[in-house]
Amino acid sequence: MKERLRATALLLMCFVMIGAAGGQEIRVTVEAGSAGKPISGKLFGIFFEDLNYAADGGLYAEMVQNRSFEYSSRDVPGWHAFTGWEVVQRDGGTARYYIGDVRPLHPNNPQYLELHCETARQGSSAGISNSGFGGMVVKAGENYVFSVFARQQPQTNFSLEVRLESRDGTVLGRAEIAALTQDWKQYKATLEADRDDSDAQLVVLARGSRGVVYLDMVSLFPHKTFRGRPNGLRRDLGETLAALKPKFVRFPGGCLAHGDGLNNIYHWKDTIGPVEQRKAQKNIWRYHQTMGLGYFEYFQFCMDIGAEPVPVVAAGVSCQNSDRYWGVGQQAIPLDEMDGYVQDVLDLIEWANGPADSRWGAKRAAAGRAEPFGLKYLAAGNEDAQTPAFRERFKIIYEAVKAQHPEITVIGNVGPAPDGEDYEAGWAFARELGLGLVAEHYYRSPEWFLNNLGRYDGYDRRKGKVFVSEYAAHDTGRRTTLRAALAEAAFMTGLERNGDVVEMACYAPLLGKIGNTQWNPNLIYFTNERVIPTISYYVQRMFGEHSGDVYLPVAVSGSGGDGSFAVSCVRDSKTGTLFLKLVNPGQTPTPIRIDLSEAEGIATRGVKTVLSGEPMAVNDIDHPQRVVPETSVISVGPNFAYEAPSHSLTVIRIDSQRP
Ligand code: AHR
């Protein structure tokens with residue numbers, strides 16, 4: 001008991017508000033000789049949502065916008081099947097353009113383009129062009145993989161010419177596709193760009209006789225995708241995410257997963273299989289989802305980066321905020337349809353984990369993955385309003401999964417806020433059901449984070465564990481300032497300290513395409529050719545790169561500093577390496593004496609990584625590197641001094657020298 005009180009006192013001392021006497025030394029004593037407290041080995045991950053053009057036009061490397069002519073005014077008022085496309089008529093060629101739906105490629109992909117060519121003159125051509133999501137970026141010497149489904153009217157003799165062109169019509173690369181057939185068939189060609197262009201377009205021209213050419217799934221991918229996957233992800237963005245070393249990926253979204261009314265719930269089955277057979281739908285964030293980045297690609301990405309997949313399925317209800325845009329509010333799947341819905345959820349588990357000869361496992365294997373994905377977590381719902389309708393449906397899903405797949409942890413949720421009615425009701429419900437893992441969300445000011453560093457110190461360890469599945473410090477103007485990032489860092493030291501009850505945490509949202517954001521701030525901004533990580537990104541990366549599975553108690557004393565100084569120390573039990581994190585959100589550089597005298601066999605040289613700057617600084621398109629971490633060697637030992645710069649996060653890595 002005495003031991004426990006002492007430990008609690010030590011823990012609480014880790015984030016005390018230090019007095020205003022700047023310049024004096026803070027003493028940090030790490031109980032490095034103790035066994036420490038086992039904490040979650042998957043504390044920090046990422047949350048991907050198709051928001052801010054994060055998927056189509058973003059991480060999904062497809063360069064053609066509206067490749068399947070499925071855009072409509074349901075997505076965005078004013079959009080139509082030909083949005084993103086332009087008519088091209090060259091050398092006297094003329095044509096009429098129609099959207100056909102009589103003989104589609106697949107019922108899930110009902111529309112296609114009919115090109116009624118009218119001029120048979122030698123050398124003339126008619127076709128279409130597409131400049132992607134705001135201009136295609138091509139690089140000299142790089143290959144681009146073109147594909148299209150096409151057919152032609154009987155008794156005609158068409159070929160296709162495919163070009164990459166600059167805005168002024170300069171040809172950057174070209175390929176021919178000869179002799180179309182009368183039935184839908186996929187054609188492929190590789191185009192090599194002969195120069196750089198960040199505003200290129202794809203041009204597809206029909207050459208031949210008078211008659212009709214039918215086109216669908218007009219697609220262009222860079223040959224170099226992330227890990228070289230076909231139908232893959234943008235390499236630069238994929239690498240930026242992988243560098244976070246996330247232990248899990250939550251996907252495909254929050255609001256997007258439970259959807260904009262019942263008809264907009266995200267159904268995983270619509271997102272697997274050949275891309276031309278997937279069912280596109282409007283995006284709750286007011287654009288269009290092709291589902292080209294679907295469940296297979298999400299799971300594959302998780303495998304590629306060594307992260308646990310954490311899919312989110314609707315808990316039988318849609319998003320309660322649906323009416324904000326479309327006037328519907330939370331809607332519930334009728335109870336007599338819940339059996340079918342629950343079966344879909346069970347099928348997902350079979351698809352992910354079943355043997356390759358099971359019904360759904362076979363579909364995974366057909367897509368290229370015979371081995372099970374090893375799904376362990378499944379989130380049912382997203383920050384749902386805790387209504388009776390939600391509770392009833394969540395319970396049905398939870399009990400069915402528990403009965404058939406006790407190995408899967410079903411994640412519950414307690415609404416959108418860190419307190420209040422939904423939060424209280426959600427936790428009471430979670431306790432009633434005995435849920436093992438419960439999601440909390442909070443978007444709050446930096447001050448709120450600094451005032452809540454001890455949020456989980458007093459959490460009742462007998463109730464379910466916590467998954468902070470969405471959080472971010474929002475500074476004034478919803479910017480990702482250094483001040484906000486440091487508040488997140490200080491809070492994350494509290495998550496590490498409480499890593500016995502907080503199992504997972506991820507910043508939200510992840511990606512924002514500049515010029516196409518519906519939400520700010522985001523962890524990473526990007527354009528078609530650039531990636532601009534925010535300061536918060538570097539905080540996440542510093543924690544992801546320096547994570548452990550044992551927390552070592554730390555005592556903080558002394559009167560230095562002028563802000564809420566925060567510390568944590570974790571150990572990687574496999575290697576014995578210690579990671580000490582020091583957050584000085586205040587404006588005074590703070591001398592620190594670090595006592596590691598209990599540690600045995602530590603190296604004399606460590607590596608320190610420091611993130612610091614002006615508190616209101618942001619990384620933006622004009623100054624993408626305003627605040628970035630700097631790494632250098634530091635002398636360490638049983639007792640050493642370090643001065644934490646003002647407004648800084650420092651991580652010190654100290655390797656073990658024990659064999
Ligand atoms: O992260 C952006 C949105 O915030 C999520 O979709 C939703 O869950 C939350 O309200």
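Structure: see above.
For the structure given in this document, a descriptive report is provided here. Values in this document were obtained by computation on a predicted structure and should not be read as measured data.

Reading guide: rules and limits
Residues numbered from 1 in each chain as written. Predicted model: local features only at pLDDT ≥ 70, side-chain atom pairs only at ≥ 80, totals over all residues. Heavy atoms only, no water. Helix = DSSP H or I, 4+ residues; strand = E, 2+ residues; numbered from the N terminus. Polar contact = N/O pair within 3.5 Å; in protein donor to acceptor, adjacent residues only side chain to side chain. Contact = heavy atoms within 4.5 Å. Buried < 20%, exposed > 50% of the residue type's maximum accessible area, 1.4 Å probe, protein only. Lys, Arg positive; Asp, Glu negative; His and termini not counted. Salt bridge = Lys/Arg side-chain N within 4 Å of Asp/Glu carboxyl O. Axes fitted to C-alpha atoms, helices over the stretch in contact; angles between N-to-C directions. Parallel < 35°, antiparallel > 145°, perpendicular 65-115°, else oblique. Left-handed = near helix turned anticlockwise from the far one by under 90°. Nonpolar A, V, L, I, M, F, W, Y, C, P; charged D, E, K, R; others polar. Expected span 1.5 Å × (residues − 1). Arc of directions from axis to C-beta. Pairing = 2+ DSSP bridges.

**So, the side chain of Glu440**
Turning to step 1, where the next piece is worked out: Mapped onto the fold, Glu440 is located in strand 21 (residues 437–444).
Turning to step 2, where the next piece is worked out: Side-chain polar atoms of Glu440 contact the side chain of Tyr423, separated by 3.5 Å.
Turning to step 3, where the next piece is worked out: A polar atom in the side chain of Glu440 sits 2.5 Å from the side chain of Tyr459.
Turning to step 4, where the next piece is worked out: Not counting residues within four places of it along the chain, the set of residues in contact with Glu440 comprises Val414, Tyr423, Trp427, Arg455, Tyr456, Tyr459, Val466, Phe467, Val468, Ser469 and Glu470.

**Side note on helix 2 (residues 235–242)**
Turning to step 1, where the next piece is worked out: Three or more residues of helix 2 are buried, namely Leu237, Gly238, Thr240, Leu241 and Ala242.
Turning to step 2, where the next piece is worked out: Buried positions along helix 2 lie against strand 3 (46–47), helix 4 (295–305), strand 24 (511–513), strand 25 (524–526), strand 26 (531–533) and helix 12 (535–545).

**Quick look at the side chain of Arg571**
Turning to step 1, where the next piece is worked out: Within the secondary structure, Arg571 sits in strand 29 (residues 566–571).
Turning to step 2, where the next piece is worked out: There is no salt bridge for the buried Arg571, and the closest opposite charge comes from Asp549, which lies 6.7 Å off by N-O distance.
Turning to step 3, where the next piece is worked out: Polar contacts involving the side chain of Arg571 include one to the main-chain carbonyl oxygen of Ala35, which spans 3.2 Å.
Turning to step 4, where the next piece is worked out: In this structure Arg571 touches Ala32, Ser34, Ala35, Gly548, Asp549, Val550, Leu552, Gly576, Thr577 and Leu578, once residues within four positions along its chain are discounted.

**Considerations on the packing of helix 11 (residues 482–497) against helix 12**
Axes are the key here: two packed helices are described by the angle between their axes and the distance separating the axes.
Turning to step 1, where the next piece is worked out: Across the interface, helix 11 lies against helix 12 with an axial gap of 8 Å and an inter-helix angle of 25°. Taken together, the axis directions place helix 11 and helix 12 in an arrangement best described as roughly parallel. The handedness of the crossing between helix 11 and helix 12 is right-handed. Taken together, the residues of helix 12 that come into contact with helix 11 (itself represented by Leu482, Ala485, Glu488, Ala489, Met492, Thr493 and Glu496) are Ile535, Ser536, Val539, Gln540 and Phe543.
Turning to step 2, where the next piece is worked out: When the residues that make up the contact of helix 11 with helix 12 are grouped by side-chain class, the tally is seven nonpolar, three polar and two charged.

**Thoughts on helix 9 (residues 421–433)**
Turning to step 1, where the next piece is worked out: Helix length check: helix 9, at 13 residues, gives a terminal C-alpha distance of 18 Å against a target of 18 Å (1.5 Å per residue), a fit within 8%.
Turning to step 2, where the next piece is worked out: Those residues of helix 9 that sit buried are Tyr423, Gly426, Trp427, Phe429, Ala430 and Leu433. Looking straight down helix 9, one finds that the buried residues subtend no more than 160° of arc, so they occupy a single side. Residues of helix 9 that are exposed and point more than 90 degrees away from the buried face comprise Glu421 and Glu432.
Turning to step 3, where the next piece is worked out: Looking one or two residues beyond helix 9, the residue adopting positive phi is Gly434, at roughly 70°.

**Some remarks on the sheet that holds strand 2 (residues 37–38)**
Sheets are built from strands that pair by backbone hydrogen bonding, the pairs being arranged parallel or antiparallel.
Turning to step 1, where the next piece is worked out: Here seven strands make up an open sheet; going across it, the order is 2-27-29-30-35-32-33 and the pairing antiparallel. The strands lining the two open edges of the sheet, one partner per strand, are strand 2 and strand 33 (630–635).
Turning to step 2, where the next piece is worked out: Where strand 30 (residues 578–584) lies against strand 35 (residues 648–654), seven bridges are found, and the strand directions are antiparallel. Along strand 35, the bridge assignment pairs Leu578 with Ile654.
Turning to step 3, where the next piece is worked out: Contacts from helix 12 reach strand 30, strand 32 (605–612) and strand 35 within the one sheet, and its direction differs from that of strand 32 by about 160°.

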